[in-house]
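Observations on the model geometry
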Amino acid sequence: MKFSDMLRTAFLNLWRRKLRAFLTVLGMVIGTSSIVVMVSLGIGMREAMIESYSQMGSMTNITVTRWSSSVDANGNYTSTEKDLTKKTVEQFKLIPGVEVIMPRITTWGMVKSGRYVADISIMGIDTSVASEFGITLAEGEMPSARTTGGTYDIVFGSDLFQYGYFYDPNTGKQAVDKDGNPKVTWDSRFQLTFDSSNIYGNPGDSMEGRTPGKMYRLNATGVTAASGNEFSYYCLMDIEALKKLAKENKDFVNIDTSNYNEVIVKCTDTDAVESVNKTIKDMGYGTQCLQEWIEQSEQSIKQTQYLLGAIGGVSLLVAAIGIMNTMMMSIYERTKEIGIIKVLGCRMSNIAGMFLTESAYIGLFGGALGLGVSYTLSIVLNKFLAQSGMHSSIPLYLAFGAVAFSILVALISGLYPAIRAMRLSPLAAIRNE
Amino acid sequence: MEQVPLIEVRNVTKVYHVGSVDVHALRGINLTINRGDICCIIGRSGSGKSTLLNVLAGLEHVTSGEIVIAGKRLDKMTQSELIVFRQKHVGFIFQSFNLMPYYTALENVAFPLSFRGVPARKRNALAREALKTMGLATHMKHKPSQMSGGQQQRVGIARALVTDPEIVFADEPTGNLDSNTSDDVMNSICDVMRAQNKTLVMVTHDPHMAEFADKVIQILDGKVVSIEYNDHSDSKKKTDVKQGVETA
Ligand SMILES: Nc1ncnc2c1ncn2[C@@H]1O[C@H](COP(=O)(O)OP(=O)(O)OP(=O)(O)O)[C@@H](O)[C@H]1O
Ligand SMILES: [Mg+2]
């Protein structure tokens, strides 16, 4: 029997019993759409989670610290420390999947501009690779490493002026004028200190025996772009310049200048992160990467996804039983007809094939219509769920997967009836009634 | 006409088990049917005619004995082998016509060809030809419900012949028709079989119908009791059968 004839005959057989076929398809529509909508909510959850993480930084970055902790067999928590130096950076560069590496140290300081002061976080970086980590400037240029005459280059964080971090320590007033415009801008004059008594206390009355911290002139070379990544709230300095400052102020800032605080490793792509992360961990360093967090969150989201899928699956199961019922009914009704076509020379495999094709049609139509219903529901849900933070998303693979799955489910439901039909005796055709 | 054996039946028995009772439907049938024979199996109700026809057509397995058709052992075949065998060699005419009610005459006749993978265009051409032979050129688009019993059975005959089988089996082909129509249909069947030199094995309980055949096999209680030849010039020969040996 030609495949095209099989498709046509099977379709006509369904068409002949339109209402029943329609009702069975309807069951499949409900089954498919409920599973698709449920899964789409799960996918929406995951997408929202990944999006919120990706706002926190790049997916391809691994932050390496000197400290790693482990729990041994007895449940004892041990913490180990390793050197993180230029040498280590060279070692990291050899790991396959590593694209570029940026060592950094971070500290905080106080910036004074006229009456106003602001507490800032400063990040010392290798400015030559900064752009590869999404550190870009809205204005100006990257800070140089020069330290001549006690003047240091700095790039201010974009937030610093925008949100009025500068304030008057005496009155507590923010440095904004009546219209809300910042009074301090990046071309103002700035001084930097790490000794809070320089700002808040009387000069000289610092703790006994301690020389007061110096005030450094700052030369603002630019402002970072508000990129919304993990670096955007830092002010930037050259790492060597910042190290020098840290050394001079070791009474106030507690930085081990012989080591980097952290090294940020950028991988070639997200797939490489896992292996690079493992290699670095095995070297004895502590690591953090968004991917690891995402994986952990995914574990917990998966549970919800399974639950949602199972809820949808129940209606699909009911629909599958519906198909089986329809096909069995149809076999009882058509016992004689099946006998006749067997006598007329229809092969067993063709009979089974015809019934399976009928089931597959139900799955196909149910799946396709169900998908249409799902897209509609998804749009409606997204309209009404927007506030609740729920989100329904139907990616292409879900769409195709759903139709394929409903055809598969229909085929499985049709398998037993098809075998029954195949085994029917041709004598049924000859017996009268 | 040369006598080439087409169907050979040797010691065939068929036992049905109904509950704890064994029903011996066939008790050792021996017979030979030659190529081109128009033959008729006749006997009382319950004598085993249909059972014999069904085992010959490969619709049922025998309990013991051999059936050789066109050199092939039917009793050794599986169900799917039997279907392939039927596709190649066998046409079937039913008592109650058994046309597909939702198909037109043309579609009904073309139907068996679709199981043999014949493309639609060729199917319809062959079906049209077969219907014309049966005198139904004007009824191709009619559904079974729009045709008389005689016309329906002609469609049934066309359907049996469209695949060009060597042998056609018919179980009481006129059983559902009135006597006038029966004669017409029997004439149609026998004429077309003779014209196309096909072998016909037909079952009936009506002696009048048996007159159309060349060879009349009478069975009683699952045994062949006599084989008669009609030469249609009204002189009858009679052969008695004892232990399966034919004596002229
Ligand atoms: N499927 C079956 N199961 C059990 N017994 C059967 C079956 N088919 C036929 N028989 C029995 O076998 C015997 C022969 O039946 P068969 O149908 O061959 O008779 P028949 O000669 O065709 O009769 P009729 O002229 O009434 O059609 C009968 O006794 C019948 O009851
Ligand atoms: Mg009978």
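Everything below is about the structure printed above this text.
Residues numbered from 1 in each chain as written. Chains lettered and ligands numbered in written order. Predicted model: local features only at pLDDT ≥ 70, side-chain atom pairs only at ≥ 80, totals over all residues. Heavy atoms only, no water.

Brief notes about the pattern of salt bridges
Residues and elements named next belong to chain A.
- Taken as a whole, this structure holds 25 salt bridges over all chains when the rule is applied.
- Residue Glu333 is joined to Arg20 by a salt bridge in which the shortest nitrogen-to-oxygen separation is 2.9 Å. You can see Glu333 sitting in helix H7 (residues 290–333) and its partner Arg20 sitting in helix H2 (residues 18–54), a full 313 residues away along the chain.
- Taking relative accessible area as the criterion, Glu333 reaches 44% and is therefore assigned partly exposed.
- For Arg20, a relative accessible area of 22% puts it in the partly exposed group.
- Across the pair Glu292 and Lys281 runs a salt bridge whose closest N-O atoms are separated by 2.6 Å. (Salt bridge = Lys/Arg side-chain N within 4 Å of Asp/Glu carboxyl O. Helix = DSSP H or I, 4+ residues; strand = E, 2+ residues; numbered from the N terminus. Buried < 20%, exposed > 50% of the residue type's maximum accessible area, 1.4 Å probe, protein only.)

Quick word on unusual backbone geometry
- Located in the positive-phi region is Asn98 of chain B, a residue other than glycine, with phi close to 55°.
- Following the sequence through the fold, Asn98 of chain B ends up in the loop between strand E6 (90–93) and helix H3 (105–115).

Quick look at the packing of helix H6 (residues 270–282) of chain A against H7 of chain A
All names here are of chain A.
- Here H6 crosses H7 at 105°, and the two axes come no closer than 10 Å. Taken as axis vectors, H6 and H7 run roughly perpendicular relative to one another. Listed contacts from H7 to Thr270, Val273, Glu274, Asn277 and Lys281 of H6 are Gln291, Glu292 and Glu295.
- Its residues placed into classes, the contact of H6 with H7 shows one nonpolar, three polar and four charged. (Axes fitted to C-alpha atoms, helices over the stretch in contact; angles between N-to-C directions. Parallel < 35°, antiparallel > 145°, perpendicular 65-115°, else oblique. Contact = heavy atoms within 4.5 Å. Nonpolar A, V, L, I, M, F, W, Y, C, P; charged D, E, K, R; others polar.)

Some details on the site of ligand 1
- Around ligand 1 there are 14 residues in total, and Ser45, Gly46, Lys49, Ser50 and Thr51 of chain B lie nearest to it.
- One finds residues of chains A and B in close proximity to ligand 1.
- A distance of 3.3 Å separates an oxygen atom of ligand 1 from a polar backbone atom of Ser47 of chain B.
- In the environment of ligand 1, an oxygen atom lies 2.6 Å from a nitrogen or oxygen atom belonging to the side chain of Ser50 of chain B.
- When the free accessible area of ligand 1 is taken as 630 Å², the share hidden by the protein chains comes to 64%.
- At the level of elements, strand E1 (5–18), strand E2 (21–34) and helix H1 (49–56) of chain B are the ones that each hand at least two residues to the shell around ligand 1.
- Of the residues in the shell around ligand 1, the class split is four nonpolar, six polar and four charged. (Near = heavy atom within 4 Å. Polar contact = N/O pair within 3.5 Å; in protein donor to acceptor, adjacent residues only side chain to side chain. Areas by Shrake-Rupley, 256 points an atom, 1.4 Å probe, with all protein chains shown as cover.)

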